[in-house]
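Per-entry structural report
Spelled out, the chains give:
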Amino acid sequence: MKKLLRNLILALTIVAMCCLSSCGFLYDIITPTDSSSSSGSGGDDDFVYVDEPLDPEIPLLTDLSGGNSTYGYEYFANEERGEYKQAFYSAIDAVARDFEEGNKNAEYTNISGRTYAYIVGEVKNDYGLSVDEAISVWKTYRDDNPLAYWISTSVYYETTGTSIYLVTDSAYAKASDRNTKKERITKTMSRYVYEAGKYDTDYEKALCLHDLIISDVNYAYGGDGQPSNEPWAHNIIGVVEKRGVVCEGYARTYQLALNLAGVDNVFVTGTGGTGRDSGGHAWNLVNVDGGWYWVDPTWDDPTRTNNYTSDYPSYDYFMRTDTFLKDHTAHKPTGTNTDYLYGLPARAKSEYTNDGIWLAGEEIKSGDIAYARLRYDGAEVVNADKKYGGFLGLALQSRTLEVPDSVEYKNRRYAVVAVKADAFANRTDLTAVTLPSSIKRIRENAFYGCNNLVTLSVGVGLTHIYSGAFYGCNKLETVNYGGDADAFAAIRVDNGNEKFTDANAVYGT
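So, here's what we can say about the structure. The shown structure was predicted, so the numbers you read here are calculated from the model rather than taken from an experiment. (Residues numbered from 1 in each chain as written. Predicted model: local features only at pLDDT ≥ 70, side-chain atom pairs only at ≥ 80, totals over all residues. Heavy atoms only, no water.)

**Observations concerning the nonpolar core**
Grouped together as the largest cluster of nonpolar side chains are 95 residues, with contacts concentrated most on Ile 92, Ile 164, Ile 185, Tyr 203, Leu 209, Tyr 254 and Phe 318. With 9 residues, helix H8 (residues 247-261) is the single largest residue contributor to this core. Beyond its immediate chain neighbours, meaning those up to four positions away, Ile 164 contacts Phe 88, Ile 92, Gly 121, Glu 122, Val 123, Ala 134, Trp 138, Val 155, Tyr 156 and Tyr 157. Listed in part, the 39 residues of the second largest apolar core include Tyr 371, Ile 465, Leu 476 and Phe 500. (Core = buried A, V, L, I, M, F, W, Y, C linked by side-chain atoms within 4.5 Å. Buried < 20%, exposed > 50% of the residue type's maximum accessible area, 1.4 Å probe, protein only. Helix = DSSP H or I, 4+ residues; strand = E, 2+ residues; numbered from the N terminus. Contact = heavy atoms within 4.5 Å.)

**Topic: the packing of helix H3 (residues 82-101) against helix H4 (residues 131-144)**
Where H3 meets H4, the closest approach of the two axes is 9 Å, and the angle between their N-to-C directions is 55 degrees. In terms of orientation, H3 lies oblique with respect to H4. Of the two possible hands of crossing, H3 and H4 adopt the one that is right-handed. For the pair formed by H3 and H4, the contact residues are Lys 85, Phe 88, Tyr 89, Ile 92, Asp 93 and Ala 96 on the first element and Glu 133, Ala 134, Val 137, Trp 138, Thr 140, Tyr 141 and Asp 144 on the second. Taken together, the residues that form the contact of H3 with H4 break down as 8 nonpolar, 1 polar and 4 charged. (Axes fitted to C-alpha atoms, helices over the stretch in contact; angles between N-to-C directions. Parallel < 35°, antiparallel > 145°, perpendicular 65-115°, else oblique. Left-handed = near helix turned anticlockwise from the far one by under 90°. Nonpolar A, V, L, I, M, F, W, Y, C, P; charged D, E, K, R; others polar.)

**A few points about unusual backbone geometry**
The residue Lys 242 is not glycine, and still its phi comes out positive at about 55 degrees. When you line up the elements, Lys 242 lands in the loop between helix H7 (237-240) and H8. The exposure class of Lys 242 is partly exposed, given its relative accessible area of 35%. Positive phi outside glycine occurs at Asp 289, with the angle close to 55 degrees. Relative to the helices and strands, Asp 289 resides in the loop between strand S8 (279-288) and strand S9 (291-295).

**Points about H8**
Counted at 1.5 Å a residue, the expected span for H8 with its 15 residues is 21 Å, and the 21 Å between its end C-alpha atoms agrees. Across the 15 residues that make up H8, a large majority, 15, are buried. Just past H8, the residue Gly 262 takes up positive phi, approximately 80 degrees. (Expected span 1.5 Å × (residues − 1).)

**Considerations on the side chain of His 464**
Assignment of secondary structure puts His 464 in strand S23 (residues 464-465). Only 3.3 Å separates the side chain of His 464 from the side chain of Arg 492, close enough to count as a polar contact. Among residues more than four places away in sequence, those in contact with His 464 are Asp 311, Lys 440, Arg 441, Ile 442, Ile 491, Arg 492 and Asp 494. (Polar contact = N/O pair within 3.5 Å; in protein donor to acceptor, adjacent residues only side chain to side chain.)

**So, the pairing of strand S14 (residues 378-384)**
Among the 7 residues of S14, 6 are classified as buried, and the element is accordingly described as predominantly covered. Bridge count for strand S13 (residues 369-375) against S14 is 5 bridges, and the pairing is antiparallel. Looking at the pairing, Ile 369 lines up with Ala 384 of S14. Counted along the chain from S13 to the antiparallel partner S14, the turn is 2 residues long. Of the strand pairs in this sheet, S14 and strand S19 (residues 412-419) are connected by 3 bridges, and their pairing is parallel. Considered in S19, the bridge of Glu 380 is made with Ala 418. (Pairing = 2+ DSSP bridges.)

**A short note on the environment of Trp 232**
Relative to the assigned elements, Trp 232 resides in the loop between helix H6 (202-216) and H7. On a C-alpha basis, the gap between Trp 232 and Asp 169 in space is 9.6 Å, while along the polypeptide they are 63 residues apart. When near neighbours in sequence (up to four residues on either side) are disregarded, Trp 232 contacts Tyr 172, Ala 220, Ile 237, Gly 238, Arg 243, Gly 244 and Val 245.

**A few points about the pattern of salt bridges**
Scanning the entire structure with this criterion turns up 33 salt bridges. When the shortest N-O distance is used, the salt bridge between Glu 241 and Arg 243 registers 3.8 Å. Taking the relative accessible area as the measure of exposure, Glu 241 reaches 4% and is therefore buried. When salt bridges that share partners are traced, they join Lys 139, Arg 142, Asp 143, Glu 248 and Arg 252 into one network. (Salt bridge = Lys/Arg side-chain N within 4 Å of Asp/Glu carboxyl O.)

**Description of a nonpolar patch on the surface**
A contiguous nonpolar surface patch, about 420 Å² in accessible area, is contributed by Phe 391, Leu 392 and Leu 394. Topologically, Leu 392 is positioned in the loop between strand S15 (388-389) and strand S16 (395-396). (Patch = residues over 30% accessible without salt bridge, like charges linked within 9 Å, V, L, I, M, F, W, Y side chains within 5 Å. Areas by Shrake-Rupley, 256 points an atom, 1.4 Å probe, with all protein chains shown as cover.)

**Let's talk about the packing of aromatic side chains**
Summed over all chains, the structure comprises 31 aromatic pairs. Geometrically, the ring pair formed by Tyr 73 and Tyr 89 is tilted, given 5.1 Å between the ring centres and 55 degrees between the ring planes. Taken as a pair, Tyr 73 in helix H2 (residues 71-75) and Tyr 89 in helix H3 lie far apart in primary sequence, 16 residues in all. You can call Tyr 73 partly exposed: its relative accessible area is 27%. For Tyr 89, a relative accessible area of 6% translates into the label buried. Pairwise contacts between aromatic rings join Phe 424, Phe 447, Phe 470, Tyr 481, Phe 488, Phe 500 and Tyr 507 into one cluster. Over the ring of Phe 47 we find Arg 243; its NZ or CZ atom is 3.8 Å from the centre of that ring. When the ring centre of Tyr 312 is taken as origin, the NZ or CZ atom of Arg 375, which lies over that ring, is 5.4 Å away. (Phe/Tyr/Trp six-rings, centres within 6.5 Å; stacked < 30°, edge-to-face > 60°. Lys NZ or Arg CZ within 6 Å of the ring centre and 35° of its normal.)

**Considering the packing of helix H5 (residues 175-196) against H8**
Their axes nearest at 9 Å, the elements H5 and H8 cross at an angle of 60 degrees. On the basis of their axis angle, the class for H5 and H8 is oblique. The element H5 and its partner H8 pack so that their crossing is right-handed. Between H5 and H8, the residues in contact are Ile 185, Met 189, Tyr 192, Val 193 and Ala 196 and Thr 253, Leu 256, Ala 257, Leu 260 and Ala 261, respectively. Of the residues belonging to the contact of H5 with H8, the class tally is 9 nonpolar, 1 polar and no charged.

Structure, rendered in structure tokens:
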């Protein structure tokens, strides 16, 4: 390593990718006169990882290698001088594999007397590539390989173009730290693949993984209120450690999970937004039933723009056609340096349909209750009809609400697993509510202001009552619960549910 550094020419230049307010990438040239490099950051600071045991029913994955892609490598074959680009790509891969599989450490080293970095290794450009071409190959390697999360968003290169140097960040410089993170990646991906494996269709696998990632993390902001520029926020570690991520972290984790679940996909970089509000961004293309569709898990996470729970995504940017491009612009093969992106497959011309699947966000009605598929694991109660009578039929009639444990749609039965946020807010007609054991979640403000609700019956499946779900239910007297006191106490109850917690609990009913 010392010999390698002695051979570094003084004209060493750095290309760094930093975070934009839009959550994506910005490519800047930083010269050695800068006092430091972003590759020196990324320590874990005061972060404490909380281990969540893997369900014993879930088999632990033994091989993650299928999580990486070769799409970009294969695309080079279509380009002029593509064989040289592939050769340089393979040379990068060799250095990366030597570092990773050799359990090597990278030392934080002073370069040119001013700039510091954790140098992983030199990749010689023996193929006559220009500096722009070499960096575009380096970017493509990162875009293909989400498991190479430890490769920094900075690349050092000699201005003569004879070499580039892979660097890493402090949190990933030690082999022992990377081995620990590999265990966490394995555990998270084992859970994701197991959940996705419950479904027969690629659509539902893609839906499942989209929802799991969004439910596991919030969008990551720094102390200045801008998208985080921490390394973990830009790779899969932000998800597997549940620290939070920005666009790159969402898209790379989705890419990895889709690959491991056997769903064809492509990682995409470009810009998101329009006009002055646009900035660097990353998202995905997913192949379902022979058609390619756009998916942006970042923009489907409501925590990106407000403080609503991340447990439930939106589907505004899930499985979309090229109408998606009104506010997304992908990089192109004609782009240079870090603006390069391999060519993308042609997208489907029409929105996805499937006669055998209840699609995400689609609402139906069964009896007098409306439902929607608002998460992969089942149906959610949206609302129920009001009943009127009395003089001229204008008087709102008191009623009880009994929710079934499943609903049929398109010849399939779907478990009813949640009550939607605000579903019955200010429904003064409700006096009693019975929810089946299939219900796992009662979401924000679901029964807010139901001030005539007296009796609530819930089953043993309930795990989470979100903020304000029973706020203002001033007459709530009794909560009948199907399990015992210990199980009842284990239900997570968020703020604003004092009327629920103060009610008389009756167990085993």
